Amino acid sequence: MNDSLRFGCTGCGKCCTGHHVPLTLAEARRWADANGQVVVLIEAFVTDGPGMPLEQREHVLRRSHAVRCGASEARVSVTFAAFNPGRCRNLDDNDLCTIYDERPLVCRIYPVEINPHIPLRPENKDCPPEAWQQGPALIHGTQLVDAELEALVQASRQADRDDIAAKVAVCQALGMTTSALKGNGFTAYLPEMAAFAAALAQLPEDDGAQWTLHVQDDALAASLLAHGLRTTSEPPVYYAFIGF
Ligand code: SF4
Ligand code: SF4
């Protein structure tokens, strides 16, 4: 834990390269409307059961949504993120953001953590060493010094809670209903963007779809089946399974 940390962005642009940027629902709509690609990342857990980090109980419950899974119920967390395997499409040749005034919340918050259970560690960030040796105080203890930055973090957390039901309904409408178990991995989809944009525009109702958990470990699959959950270990066709 940092007692005190200062920070001054050097403008190196590294955080705009090779990072899938989590988007709020409204930001995902704008990204799609601007012909950007969105990647959908999904993980699931059972309340007070498999996959749930008990020390983060309130946080993960509030940003997840209950879905049917076999004879039981799982909770899924869905991230819509700007798909940036290389340089962000909005980064110009001078490493400047061409949508700076409208850039996503997460871009405004970096390198600060949004999850309240993850401490900010400079070694886990892309910012060069000099960025941590200049600029104003960023954190005292666990508190952000800048009230505006704190408000952005709170807005991002609130959007996660406000958007989750709609994001799950969009996934279901587009057949993205296989998740991984939280802590074991996540599933990743690259939706066809015209259909994705149309679903975002309509915001479909929750159709009560059945979900499946992708697990490759036999013992874990057996334990999930014992909870009444539906699992698969079939090689994915329409998604990627990113295991930990
Ligand atoms: S939108 Fe702008 S700030 Fe955000 S990753 Fe892209 S170039 Fe960087
Ligand atoms: S990686 Fe850090 S220092 Fe570099 S542009 Fe991003 S926030 Fe600024």
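Coordinates for the structure precede this section.
The present account deals with the structure reproduced in this document. On a predicted model such as this, the values are computed, not experimentally measured, just so you know.

Residue placement: His-65 occurs in strand β4 (residues 65–69). Among the polar contacts made by the side chain of His-65, one reaches the side chain of Asp-206 at a distance of 3.5 Å.

Let's shift gears to the site of ligand 1. By nearness alone, every residue bordering ligand 1 is listed as Cys-16, Val-21, Cys-88, Asn-90, Leu-91, Cys-97, Ile-99, Pro-104 and Cys-107. For the shell around ligand 1, the per-class residue count stands at 8 nonpolar, 1 polar and no charged.

With that settled, consider the site of ligand 2. Around ligand 2, the structure places Phe-7, Cys-9, Thr-10, Gly-11, Cys-12, Gly-13, Cys-15, Tyr-110, Asp-126, Cys-127 and Pro-128. A per-class count over the shell around ligand 2 returns 7 nonpolar, 3 polar and 1 charged.

Inspection of the secondary structure assignment puts Thr-178 in strand β8 (residues 178–181). On the basis of relative accessibility, which here comes to 13%, the residue Thr-178 falls in the buried class. Placed 146 residues apart in sequence, Thr-178 and Ala-32 show a C-alpha to C-alpha distance of 23 Å. Ignoring any residue separated from it by four or fewer positions in sequence, one finds Thr-178 in contact with Ile-42, Thr-187, Tyr-189, Trp-211, Thr-212, His-214, Thr-232 and Tyr-239.

A separate point is helix α4 (residues 147–173). Over its 27 residues, α4 runs 39 Å from end to end, which matches the ideal 39 Å to within 8%, given 1.5 Å per residue. Asp-163 marks the point of greatest bend in α4, at about 50 degrees. Where α4 begins, one side-chain oxygen reaches toward the backbone nitrogen of Glu-148, 2.8 Å away; that side chain belongs to Asp-146. In the stretch just after α4, Gly-175 is the one whose phi turns positive, near 75 degrees.

Turning our attention to empty space enclosed by the protein. Taken as a whole and assessed by the stated rule, the structure comprises 1 cavity of 30 Å³ or more. Taken as a whole, the largest cavity spans an internal volume of roughly 40 Å³. In terms of lining, the largest cavity is formed by His-59, Arg-63, Arg-157, Asp-160 and Arg-161. The dominant element in the lining of the largest cavity, judged by the number of residues it contributes, is α4, at 3 residues.

Here the focus is the nonpolar core. Counting residues in hydrophobic clusters, the biggest one holds 55 residues, and the most contacted among them are Val-40, Ile-42, Val-78, Phe-80 and Leu-138. In terms of residue count, α4 provides more of this core than any other element does, 7 residues in total. With residues near it in sequence (within four places) discarded, Val-78 still touches Val-40, Leu-41, Ile-42, Ile-164, Lys-167, Val-168 and Cys-171.

In the contact formed by helix α1 (residues 25–33) and helix α5 (residues 193–202), the axes pass within 10 Å of each other and the chain directions differ by 140 degrees. Taken together, the axis directions place α1 and α5 in an arrangement best described as oblique. Once α1 is placed against α5, the crossing between them reads as left-handed. For the pair formed by α1 and α5, the contact residues are Leu-25, Ala-28, Arg-29 and Ala-32 on the first element and Met-193, Ala-197 and Leu-200 on the second.

Another aspect to go through is the packing of aromatic side chains. What the rule picks out here adds up to 4 aromatic pairs. Here the aromatic rings of Tyr-189 and Tyr-239 are separated by 5.4 Å at their centres, their planes lie at 40 degrees, and the arrangement is tilted. With a gap of 50 residues between them, Tyr-189 in strand β9 (residues 185–189) and Tyr-239 in the loop between β11 (231–232) and β12 (240–243) connect regions that are remote in the sequence. With respect to class, Tyr-189 is no different from Tyr-239; both count as buried. The cationic tip of Arg-103 hangs over the ring face of Tyr-100; the distance from NZ or CZ to the ring centre is 3.7 Å. Sitting above the plane of the Phe-80 ring, Lys-167 keeps its charged end 5.8 Å from the centroid.

Next up on the list: the pattern of salt bridges. A full pass over the atoms with the stated rule returns 6 salt bridges. Notably, a salt bridge pairs Arg-57 with Asp-48, separated by 2.7 Å at the nearest N-O pair. Put simply, Arg-63 and Asp-160 hold a salt bridge, and the shortest N to O gap is 3.2 Å. Of this pair, Arg-63 sits in the loop between α2 (57–62) and β4 while Asp-160 sits in helix α4, placing them 97 residues apart in sequence. Summarising the burial analysis for this pair, Arg-63 and Asp-160 share the class buried.

About the cut-offs
- Residues numbered from 1 in each chain as written.
- Chains lettered and ligands numbered in written order.
- Predicted model: local features only at pLDDT ≥ 70, side-chain atom pairs only at ≥ 80, totals over all residues.
- Heavy atoms only, no water.
- Helix = DSSP H or I, 4+ residues; strand = E, 2+ residues; numbered from the N terminus.
- Polar contact = N/O pair within 3.5 Å; in protein donor to acceptor, adjacent residues only side chain to side chain.
- Near = heavy atom within 4 Å.
- Nonpolar A, V, L, I, M, F, W, Y, C, P; charged D, E, K, R; others polar.
- Buried < 20%, exposed > 50% of the residue type's maximum accessible area, 1.4 Å probe, protein only.
- Contact = heavy atoms within 4.5 Å.
- Expected span 1.5 Å × (residues − 1).
- Bend = angle between axes of the 7 residues up to and from the residue.
- 1 Å grid on protein atoms, 1.4 Å probe; cavity = no way out; pocket = protein on both sides within 12 Å on 5 of 7 lines; lining within 4 Å.
- Points joined across faces, edges and corners; volume = space filled by probe spheres on them.
- Core = buried A, V, L, I, M, F, W, Y, C linked by side-chain atoms within 4.5 Å.
- Axes fitted to C-alpha atoms, helices over the stretch in contact; angles between N-to-C directions.
- Parallel < 35°, antiparallel > 145°, perpendicular 65-115°, else oblique.
- Left-handed = near helix turned anticlockwise from the far one by under 90°.
- Phe/Tyr/Trp six-rings, centres within 6.5 Å; stacked < 30°, edge-to-face > 60°.
- Lys NZ or Arg CZ within 6 Å of the ring centre and 35° of its normal.
- Salt bridge = Lys/Arg side-chain N within 4 Å of Asp/Glu carboxyl O.

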